[in-house]
Amino acid sequence: MSCAAQGYALASVAKREVLIDHATREAQVTFVLQPGPVATMGPVHFSGTDKVDTTYLQRRVPFKEGEPYELAKVNELRDRLTSLGTFSVVRVKPATALDDKGQLPIDVELQDRPPRTIGFGLSYETVLGFAVNGYWQHRNLFGQAESLRLSAEVNRIGYGTFPD
């Protein structure tokens, strides 16, 4: 289990020793870890989005300030924000030092995706013939990552016109 998984968010390698035995062609590497102080989860600050309501984003945070630091919770925050489909970039950056409360603040840099997307497709099946489909999607309708997608398909184009 890593130091970060045990609440030591600022753990680092303090020393590394490498011993090489040329006769046996073996190497032994020793790492000395500096765990640093035990951290708790700090406040989350969002930047880079002007379209999604940050109050809504705060409700997506899977932890409360002051809880013991867990790297898994930081990863879950990134996954929750990515799964919204509203952002092209989600960059979660814990601070490099604890604040005066012993908490590790977390900065989240976001970049909005274009709000509207269109797509088209064409397919062919030997039994059913050609099909054409398309969709139009609008992301973040009301500021809380809502999505509306309208799609249509026309199929069986040319169905039955070819002799069996």
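Going by the structure above, here's the rest.
Okay, so let's go over this structure.

Criteria and thresholds
Residues numbered from 1 in each chain as written. Predicted model: local features only at pLDDT ≥ 70, side-chain atom pairs only at ≥ 80, totals over all residues. Heavy atoms only, no water. Phe/Tyr/Trp six-rings, centres within 6.5 Å; stacked < 30°, edge-to-face > 60°. Buried < 20%, exposed > 50% of the residue type's maximum accessible area, 1.4 Å probe, protein only. Lys NZ or Arg CZ within 6 Å of the ring centre and 35° of its normal. Patch = residues over 30% accessible without salt bridge, like charges linked within 9 Å, V, L, I, M, F, W, Y side chains within 5 Å. Areas by Shrake-Rupley, 256 points an atom, 1.4 Å probe, with all protein chains shown as cover. Salt bridge = Lys/Arg side-chain N within 4 Å of Asp/Glu carboxyl O. Helix = DSSP H or I, 4+ residues; strand = E, 2+ residues; numbered from the N terminus. Pairing = 2+ DSSP bridges. Axes fitted to C-alpha atoms, helices over the stretch in contact; angles between N-to-C directions. Contact = heavy atoms within 4.5 Å. Core = buried A, V, L, I, M, F, W, Y, C linked by side-chain atoms within 4.5 Å.

1. Observations regarding the packing of aromatic side chains
Then comes step 1: Overall, the coordinates contain one aromatic pair when judged by the stated rule.
Then comes step 2: With centroids separated by 4.7 Å and ring planes inclined at 50 degrees, the aromatic side chains of Tyr 124 and Phe 130 adopt a geometry described as tilted.
Then comes step 3: Judged by its relative accessible area of 43%, Tyr 124 is partly exposed.
Then comes step 4: A relative accessible area of 35% means that Phe 130 is categorised as partly exposed.
Then comes step 5: Looking at Arg 149, its charged tip hangs above the ring of Tyr 135, at a distance of 3.7 Å from the centre.

2. Comments concerning a nonpolar patch on the surface
Then comes step 1: Taken together, the side chains of Ile 118, Phe 120, Trp 136, Leu 141, Phe 142, Leu 148 and Leu 150 define a hydrophobic patch exposed on the protein surface, amounting to about 770 Å² of accessible area.
Then comes step 2: At the level of elements, strand S6 (116-125) and strand S8 (147-157) are the ones that each hand at least two residues to the nonpolar patch.
Then comes step 3: If you trace the backbone, Leu 150 turns up in strand S8.

3. Digging into the sheet that holds strand S7 (residues 129-139)
Strands in a sheet are paired, the pairing made by backbone hydrogen bonds, and the direction either parallel or antiparallel.
Then comes step 1: An order of S6-S7-S8 is seen for the three strands of this open sheet, with the pairing classed as antiparallel. What marks the edges here is a single partner per strand, and that holds for S6 and S8. Neighbour to neighbour, the strand axes of the sheet diverge by 10 degrees on average, direction disregarded.
Then comes step 2: Of the strand pairs in this sheet, S6 and S7 are connected by ten bridges, and their pairing is antiparallel. Note that in S7 the partner of Leu 122 across the bridge is Val 132.

4. Section: the sheet that holds strand S4 (residues 87-94)
Then comes step 1: Spatial strand order, S3-S5-S4: three strands in an open sheet with mixed pairing. Where the open sheet ends on each side, the last strands, each with one partner, are strand S3 (40-47) and S4. Taken pair by pair, the neighbouring strands of this sheet meet at an average axis angle of 20 degrees, ignoring direction.
Then comes step 2: Of the pairings in the sheet, the one linking S3 to strand S5 (residues 103-112) comprises six bridges and is parallel in character. For Thr 40, the partnering residue across the bridge sits in S5 and is Gln 103.
Then comes step 3: Contacts from helix H2 (residues 71-83) reach S3, S4 and S5, with the element oriented near 165 degrees to S4.

5. Considerations on the side chain of Asn 140
Then comes step 1: Note on placement: Asn 140 falls in the loop between S7 and S8.
Then comes step 2: Residue classification places Asn 140 among the buried positions, given a relative accessible area of 11%.
Then comes step 3: Not counting the four nearest positions on each side in its chain, Asn 140 is found in contact with Lys 51, Val 52, Thr 86, Ala 145 and Glu 146.

6. What to know about the nonpolar core
Then comes step 1: Ranked by internal contacts, the top residues of the largest apolar core, which has 22 residues, are Leu 57, Leu 81 and Val 108.
Then comes step 2: Sort the elements by how many residues they give to this core and S5 lands first, with four residues.
Then comes step 3: Those residues in contact with Leu 57, other than ones at most four positions away along the chain, are Phe 46, Thr 49, Val 52, Leu 81, Leu 84, Phe 87 and Leu 110.

7. A few points about the environment of Ala 152
Then comes step 1: Mapping Ala 152 onto the fold places it in strand S8.
Then comes step 2: Remark: the alpha-carbon pair of Ala 152 and Phe 120, spanning 32 residues in sequence, is separated by 9.7 Å.
Then comes step 3: Excluding residues that lie within four positions of it along the chain, Ala 152 makes contacts with Val 132, Asn 133 and Gly 134.

8. Here we look at the pattern of salt bridges
Then comes step 1: Taken as a whole, this structure holds four salt bridges when the rule is applied.
Then comes step 2: With a shortest N-O distance of 3.1 Å, Glu 17 and Lys 15 are connected by a salt bridge.
Then comes step 3: Residue classification places Lys 15 among the partly exposed positions, given a relative accessible area of 44%.
Then comes step 4: We note a salt bridge from Arg 80 to Glu 76, for which the minimum N-O separation is 2.9 Å. Taken together, the positions of Arg 80 and Glu 76, both in helix H2 and four residues apart, correspond to about one turn of that helix.
Then comes step 5: According to the relative accessible area criterion, Glu 76 is partly exposed, its value standing at 29%.
Then comes step 6: Each of Arg 91, Lys 93 and Glu 109 takes part in a single network of salt bridges with overlapping partners.

Nothing here speaks to function; it is geometry throughout.
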